[in-house]
Amino acid sequence: MNKKKHHERTRAQESSNAIERMYITMRHLFNRGFYKPMGVSGETLREALLLLRPEIYGSIAEEKAELEGLLYVIDRLPRGIEECTFINLTSDEGYANSHFKPIIPPKRRRNCYRIDDEQMNIEITRGRSEIYDILTHLTFLFVESHKISKRVLIDEIGNTTRDWVKLEKAVMSTEELTQQEREIAITHTANILGRTFNELTEAHEKFTSSAQPDRLLHIIYWLGKLAIEEVINNKKRTVTFSPVLRERLGHHIHGEIWADHIKEVLHKNDLLERPIHVISANMHSVMNSVFASNALKNLKPKKDMFQIYEALSQKDNEAIRNKVVKEATQKGMIYIEDKSGTNIDVQIFDTSKIDFSKTDINVSERFNTSEKPVIFVMDYAFGEQAYETIDELLKPIKVNGKKIHLNVESISIMGKAGILEGGKGDIMIPSAHIFEGTADNYPFTNELSKADLEGQGVAVCEGSMITVLGTSLQNKEILKFFFNSTWNVIGLEMEGAHYQKAIQAASKVRGSIRSDVKVRYAYYASDNPLETGSTLASGGLGTSGVKPTYLITRKILQQIFN
């Protein structure tokens, strides 16, 4: 007889279990209405994050401070959050009409309001994924803050090291620091964080902003100060969820307002019953692909189109961007700036107003003789918000008592994703979306194929994509499991399964749109979380994202127009 196998849990299984516990805990805390991240109520969340050790948070489980992860998190949270003891997550509750000025984090479009010295309100309008994102980042931030307090506290009554006293003096100075004073402060901070002077000098530069030249020192001081308050005086930082947010979450309130307004605009412009092609992408690539060649024809002899696209993506080239916007607006582009709280802007292109002979997009004879479609471009959704927005958009609308179903011919999703075999800027073509932590999987026929995008100087791979609950919760063990298993996973992102769930429900179950709607998915790699130094925390794509973005966009447009 065979002896019974003794199964030990692998690191991937432990990590998967840690993610599951984090999400169950976050839902429980949300239903409870408040919790103290560094108290007993936040213990499960902290322990799970330290067990998980996500790639994006680097050395979170080590004694030394994590600087790249800190920059990643700070860029996604409101300026000044490190000073706040009370963080209140709210719905859209009217603060836009108050004297409070909105604070918008550089890398996340969300409205935040500093209520007083101690309180920050963060508006949640994009569903559960946004709450998970914020709570995970806050847990990281507070764990890091307690590393600082451990290194600077000498005794139980609050006496601190000389390094801390010197940092406090530098941060509290009303005068701007001289280079010498700054380097002295950096030396003391490096000691506190267990990092070298060189590492701190490089990090200091990355954190610097025009408003706060010594932003890193300021952040480290306030994180440490509040952690010391927690340890010595038991003055715990608290995260609360407003009653209105708890009542509204999951009811598609913002998505419904967004979709209804868009349908009103389509109706007003007599576009409601025309063939519609939906594209989820950024707010520049479709517009530039169609209109840049004519708007910037003076530049064309000197540069090829991809060089022009690269020039358009550079911050200091606003003048040439404005030329393209002007050309697009004159040729019938309707721009809908979001007022619903979804943070998803929209562009509508009526192709009957576009002279394609003045573009460099090939158009077939069949396209010229058929009814001219409408190209509907929506900005990126965030996690579960993808389901909410597409689900509401595809619902029929009542006009003068008559129910009108949108004539949606295709839905194309283009976005950024983490790649498991390859590097930044490579292209991924999914054949199925697998929803992490569930048995849900969504196979589909992708109109885009590997062959469509090969031979353009960009590597292309094809296979399954995993839709993760949060990119900041992935570690190498889980990703290696997906990569090496029979799931044949090529990359990870946050929206694919949510988009496909809404599309399948509308086309195959509800009958809101045609059952043979064409779908296209393509992603370009923003990072490789399996490679050290290539995670999202290591910095953006820069211009390496321009070519794959436009290759995908142009291929989508060619398929629509042919």
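Note that the structure is predicted; figures quoted are calculated from it, not measured. (Residues numbered from 1 in each chain as written. Predicted model: local features only at pLDDT ≥ 70, side-chain atom pairs only at ≥ 80, totals over all residues. Heavy atoms only, no water.)

With respect to empty space enclosed by the protein
So, step 1. Applying the stated rule across the entire model yields six cavities of 30 Å³ or more.
So, step 2. The volume enclosed by the largest cavity comes to roughly 50 Å³.
So, step 3. Lining the largest cavity are Val290, Phe291, Asn294, Glu327, Lys331, Ile354, Asp355, Lys358 and Thr359.
So, step 4. Residue contributions to the lining of the largest cavity peak at three residues, all from helix H11 (residues 285–295).
So, step 5. Of the residues assigned to the lining of the largest cavity, the class counts are three nonpolar, two polar and four charged. (1 Å grid on protein atoms, 1.4 Å probe; cavity = no way out; pocket = protein on both sides within 12 Å on 5 of 7 lines; lining within 4 Å. Points joined across faces, edges and corners; volume = space filled by probe spheres on them. Helix = DSSP H or I, 4+ residues; strand = E, 2+ residues; numbered from the N terminus. Nonpolar A, V, L, I, M, F, W, Y, C, P; charged D, E, K, R; others polar.)

Quick word on the layout of surface pockets
So, step 1. Of the pockets and cavities examined, the second largest pocket occupies roughly 690 Å³.
So, step 2. Taken together, 26 residues line the second largest pocket, and the ones lying closest to its centre are Ser16, Phe435, Glu436, Gly437 and Thr438.
So, step 3. Counting only elements with at least two residues in the lining of the second largest pocket, the list comes to helix H1 (11–32), strand S14 (427–435), helix H17 (476–484) and helix H18 (496–509).
So, step 4. Examining the composition of the lining of the second largest pocket, we find that eight residues originate from one element, H1, more than from any other.
So, step 5. When its residues are assigned to classes, the lining of the second largest pocket shows 13 nonpolar, seven polar and six charged.

Regarding the environment of Ser526
So, step 1. In this fold, Ser526 is placed in strand S18 (residues 518–527).
So, step 2. Overall, the relative accessible area of 7% leaves Ser526 in the buried class.
So, step 3. Within polar-contact distance, the side chain of Ser526 engages the side chain of Asp527 at 2.8 Å. (Buried < 20%, exposed > 50% of the residue type's maximum accessible area, 1.4 Å probe, protein only. Polar contact = N/O pair within 3.5 Å; in protein donor to acceptor, adjacent residues only side chain to side chain.)

Description of the packing of aromatic side chains
The geometry of an aromatic ring pair is captured by the separation of the ring centres together with the interplanar angle, meaning the angle of the planes.
So, step 1. One pass over the full model with this rule turns up 14 aromatic pairs.
So, step 2. Consider the rings of Trp164 and Tyr221, whose centres lie 5.2 Å apart with planes at 25 degrees: the pair is stacked. Of this pair, Trp164 sits in helix H5 (residues 162–172) while Tyr221 sits in helix H8 (residues 215–233), placing them 57 residues apart in sequence.
So, step 3. By relative accessible area, Trp164 is classed as buried at 4%.
So, step 4. Judged by centre distance (5.7 Å) and plane angle (85 degrees), the ring pair of Phe306 and Tyr309 falls under edge-to-face. Of this pair, Phe306 and Tyr309 are both found in helix H12 (residues 305–313), three residues apart, which corresponds to roughly one turn of the helix.
So, step 5. Among the residues examined, Tyr309 registers a relative accessible area of 0% and is labelled buried.
So, step 6. Here the aromatic residues Tyr95, Phe100 and Tyr113 are joined through ring pairs into a cluster of three or more.
So, step 7. Sitting over the ring of Phe34, Arg32 keeps its end group 4.5 Å from the ring centre.
So, step 8. In this structure, Lys501 is placed above the aromatic ring of Tyr387, and the distance from its NZ or CZ to the ring centre is 4.8 Å. (Phe/Tyr/Trp six-rings, centres within 6.5 Å; stacked < 30°, edge-to-face > 60°. Lys NZ or Arg CZ within 6 Å of the ring centre and 35° of its normal.)

Structural notes on H17
Residues lying three or four places apart along an α-helix face the same way, a consequence of the helix completing one turn every 3.6 residues.
So, step 1. Within H17, the full set of buried residues consists of Lys476, Ile478, Leu479 and Phe482. Each buried residue of H17 sits inside an arc of 165 degrees when the element is viewed along its axis, so together they form one side.
So, step 2. Buried residues in H17 make contact with H1, helix H2 (43–52), strand S16 (460–467) and strand S17 (489–493). (Arc of directions from axis to C-beta. Contact = heavy atoms within 4.5 Å.)

Some details on the sheet that holds strand S2 (residues 86–90)
So, step 1. Across the sheet, which stays open at both edges, the six strands sit in the order S1-S6-S2-S5-S4-S3 with mixed pairing between neighbours. One side of each edge strand has no neighbouring strand; the edge strands of this open sheet are strand S1 (34–35) and strand S3 (102–103).
So, step 2. Here two bridges tie S3 to strand S4 (residues 112–114), and the two strands are oriented antiparallel to one another. Following the sheet pairing, Pro102 is matched in S4 by Tyr113. (Pairing = 2+ DSSP bridges.)

Digging into the state of the cysteines
So, step 1. By the definition in use, this model includes zero disulfides.
So, step 2. In this structure Cys84 is not part of a disulfide, and its nearest cysteine sulfur, from Cys112, lies 10 Å away.
So, step 3. A residue is classified by how much of its surface remains accessible, and Cys84, at 0% relative accessible area, is buried. (Disulfide = S-S within 2.5 Å.)

Points about the environment of Lys372
So, step 1. Topologically, Lys372 is positioned in the loop between helix H14 (365–369) and strand S10 (374–378).
So, step 2. Remark: the alpha-carbon pair of Lys372 and Leu71, spanning 301 residues in sequence, is separated by 47 Å.
So, step 3. With near-sequence residues (within four places) excluded, Lys372 lies in contact with Arg274, Pro275, Thr351, Ser352 and Phe367.

What to know about the pairing of strand S5 (residues 119–123)
So, step 1. Counting buried residues along S5, four of its five residues qualify, which places the element largely inside the surrounding structure.
So, step 2. As defined by bridge partners, S2 adjoins S5 across five bridges and the pair is classed as parallel. Pairing of Phe86 across the sheet is with Gln119, part of S5.
So, step 3. The sheet contact formed by S4 and S5 spans three bridges and is antiparallel.

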